[in-house]
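Given next are the chains, with one letter for each unit.
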Amino acid sequence: MKVLKFGGTSVANAQNIKLVLEIVNQKAKQDKLVVVVSALSKVTDLLQLAAAKAAANDEGFRDIVAEIEKKHLDTLKELIPVSEQSSLLSHVKRIINHLETLLDGCFLLGELSPRTADTILSFGELLSSYIIAQAFQQTEKNAVYKDSRELIKTNADFGKAAVNFEISNQLIQEYFASNESKINILPGFIAQTLDGITSTLGRGGSDYTAAIIAGALDASQLEIWTDVNGMFTANPKIVKQAQPIANISYQEAMELSHFGAKVLYPPTIQPVLRKNIPILIKNTFEPEAEGTLISDTVLTKDTVVKGISHIDHISLLTLEGPGMIGVAGSSRRLFEVLSQEKINVIFITQASSEHSICIGILNSDADNAEAAINRAFEIEIAQNKIDPCYVEKDLCIIALVGENMKNHQGLSGRMFSTLGKNNVNIRAIAQGASERNISTVINERDVKKALNTLHENFFEENTKQLNLFVMGVGNVGEKFIEQIHSQKKFLKDNLKINVRVIALSNSRKMLFDEDGISLKDWQSTLDKGEAAIPTEFIARARELNLRNSIFVDITANASVSDMYEKFLKESIAVVTCNKIACSSAYDNYKKLKSLSRQYNAPFLFETNVGAGLPIIDTVKNLIASGDKVHKIQAVLSGSLNFIFNNFDKNNSFHDVVKEAGVQGFTEPDPKIDLSGIDVARKILILIRESGYEMDIDAIANESFLPAECLATTNNEDFFASLIKHASHFEGIYNEALAKDSRLKYVAQFENGKASVGLQFIPKDHPFYNLEGKDNIVLFYTDRYIDQPLLIKGAGAGAAVTASGIFADVIRIGNI
């Protein structure tokens, strides 16, 4: 014999019930079956709401009863031929009338006792099982209905009654010994006291009903049919990459179900565990899927961690004080108080010093527990021996579960390290001696990030998901997105990095998609986005709270650089080509670096100097290895180098600057490049990264632009001034020709002093042959004395800058 249980979604409507009929009729060809069914989907919730409204003197309960009646009548009409509906419809209406009478009583009395609540909630299963039994009898005459209340007897602890197994097992065995029917349909969840009063087995108790019957009959298998393909490595609604578990032990399944794996009701396993009856969890909507088999077999070569589960809405209660140290009975008194208040303790941990004990309970029980504990220990609290009970709400318990965990070292460290890297603060830790479960308490807002991070680490072949929030999609931004799109598969296959763009923003619009924005046609999608509001951009990134989040700044905007502090404090890494933050006041630069370390959020800005050239990374490596930089000489502006390499008697200065802008070599405001401020920022960043303290106003800036050009306030006036002062620029060019030199805009640092300015470079200088938009940097250090360390290459352009930003993103992925 097999026992099959079908949950609420499996019997949600007539269409689903037809699938159930098909599954059961197929199985009935080989085995005698017991079929346990839940209430139609959401009906138990409706019954609970109706009871609450009635007890609160709210006439709205009548609308809910009407909704429940319609739902069941519609289902019956679709399953049963019209010719046979009349008597069945009348029976359903009689049940509904009985329900309404009970609710009328609650309305008149203005109260709802646990006993009455159980009776009201039982109507869901009574109605569904009756309708489903009638549907079976249309195709299988050897199908009968049996009321579970006649077989399962409990105490009078209404709401979650305890089963009297001795009497229940006897009744079940006697009934089925004399019953020859091929299919027996029973309602789940409901039972009866020895006095004949309806009781319930707790929410989710239909699983328990099926397990009780399976255990009593020594069934060959218990099958739980639901709407998912078995138990998963994590909740698939939260962790998209969660995978079905093919095989799992009873103990592992109990741990996962206790910690929130909703596929299985926690007590379900107990009645079948004693008899070693396997449990198979299957999907009603994909019956061909393998499902999950729960048994006493543990595969020694199986996955170390079987699953990650969690319980929401947890409060942490802490009782502490010197009066607990060495005092016998403090823990006993605490748990007695909670037991008397019928408060279930989910999590326990105690300091070895005995100075404190910490327990996890449901949020809904927290206020009651706090008051009860403070009453019980009021003398010790008054004497300052024990502090008043301290309560933290809105927490969550996350648990790693696996039978083989006890044979592997370092799992706890791996778990805590993974959470720590994503700034998930652990409030409490517990691990049993069996080492089958490691539990931690965290803030509820971090649960999604924590589950995904842990799942990625333990189940996804070390593939690391990076979630990007990109601000600035101009020339460089467009190239950056193009590179991500083209390299996505390569990164995933070869570097085990999965890059997703979660948000895009320009100055007008911003777009968010938690599952990742499609990069095939991102421009048109962004155009349809919402208005761009920087503060809202930060708030949304914080609210999403995704693991491995990276804010990518591809702007030259000072207000955007002011946002870095907020991102870093949320443990969101920052990658930027915007030089403003790192060249701002020295204290701000140091603060950002400090926040990066404090919140374990990388702050990378390789493209601040030299676009895609590894200049900053080289400086960091020099300093980290103990070298000291004494002197820097550099041509750091690819745009200025392009301009002076192309400015000659045939090409006016104005025209060359225009062309540099067209090719994307200059900033949107070209005066930033030509005024020397951009180069000053770059050399300042190199000086700071070399270990020196300096601010921008300490750098001598010898501008080659006339005062009128510098005084302009917009691009139109600026370009007009270049035409007006064309003779000034021609004079500089002619002087260079006369000196047989080339014009280069040079930045230098030596003996604590720095300067930037246009220089005449002779033929024997390393900078003389610097072509196009190239940059060059010479570092003179303790190790590079006579011959400097030289870095040279393209230092401007959208593609190379984008590749530098991309490289910083990949660096974070490899951390």
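What you see is a predicted model; the values in this text were computed from it and never measured.

Asks: How would you explain the pattern of salt bridges if you had to name every residue and give the values?
Replies: According to the stated counting rule, one finds 40 salt bridges in the structure shown. Taking the shortest distance from any N to any O, the salt bridge between Asp 808 and Arg 811 comes out at 2.5 Å. Taken as a pair, Asp 808 and Arg 811 lie in helix H29 (residues 798-813) at a separation of three residues, close to a single helical turn. Arg 811 gets classed as partly exposed once you look at its relative accessible area, which sits at 29%. A cluster of three or more residues bridged by salt bridges with shared partners is formed by Lys 2, Lys 27, Asp 31 and Glu 223.

Asks: An account of the environment of Glu 530 is requested, with residue identities and associated values reported.
Replies: Relative to the assigned elements, Glu 530 resides in strand E21 (residues 530-531). For Glu 530, a relative accessible area of 34% gives the class partly exposed. Beyond its immediate stretch of four places on either side in the chain, Glu 530 contacts Arg 508, Lys 509, Met 510 and Arg 540. Polar side-chain contacts of Glu 530 include one of 3.1 Å to the side chain of Arg 540.

Asks: I'd like a description of the sheet that holds strand E7 (residues 198-200), backed by residues and values.
Replies: Think of a sheet as strands paired side by side through backbone hydrogen bonds, with each pair either parallel or antiparallel. Reading across the sheet, the three strands line up as E4-E6-E7 and stay open at both edges, with mixed pairing between neighbours. In this open sheet, the two strands that pair with only one neighbour each are strand E4 (153-154) and E7. Bridge count for E4 against strand E6 (residues 190-193) is two bridges, and the pairing is parallel. What sits directly across from Thr 154, in E6, is Thr 193.

Asks: Before we move on, could you go through the sheet that holds strand E22 (residues 549-553) and cite the residues and values that matter?
Replies: Strand order in the open sheet made by the seven strands is E21-E20-E19-E18-E22-E23-E24, with mixed pairing throughout. A single partner strand is all that each edge strand has here, and the edge strands are E21 and strand E24 (603-604). Two elements, strand E20 (residues 509-512) and E21, share two bridges in a ladder whose sense is antiparallel. Looking at E21, one finds that Met 510 is bridged to Glu 530. Helix-sheet contacts for helix H17 (residues 534-544) involve strand E18 (464-471), strand E19 (497-505), E20, E21 and E22, and the interaxial angle to E20 is about 5°.

Parameters at a glance
Residues numbered from 1 in each chain as written. Predicted model: local features only at pLDDT ≥ 70, side-chain atom pairs only at ≥ 80, totals over all residues. Heavy atoms only, no water. Salt bridge = Lys/Arg side-chain N within 4 Å of Asp/Glu carboxyl O. Helix = DSSP H or I, 4+ residues; strand = E, 2+ residues; numbered from the N terminus. Buried < 20%, exposed > 50% of the residue type's maximum accessible area, 1.4 Å probe, protein only. Contact = heavy atoms within 4.5 Å. Polar contact = N/O pair within 3.5 Å; in protein donor to acceptor, adjacent residues only side chain to side chain. Pairing = 2+ DSSP bridges. Axes fitted to C-alpha atoms, helices over the stretch in contact; angles between N-to-C directions.

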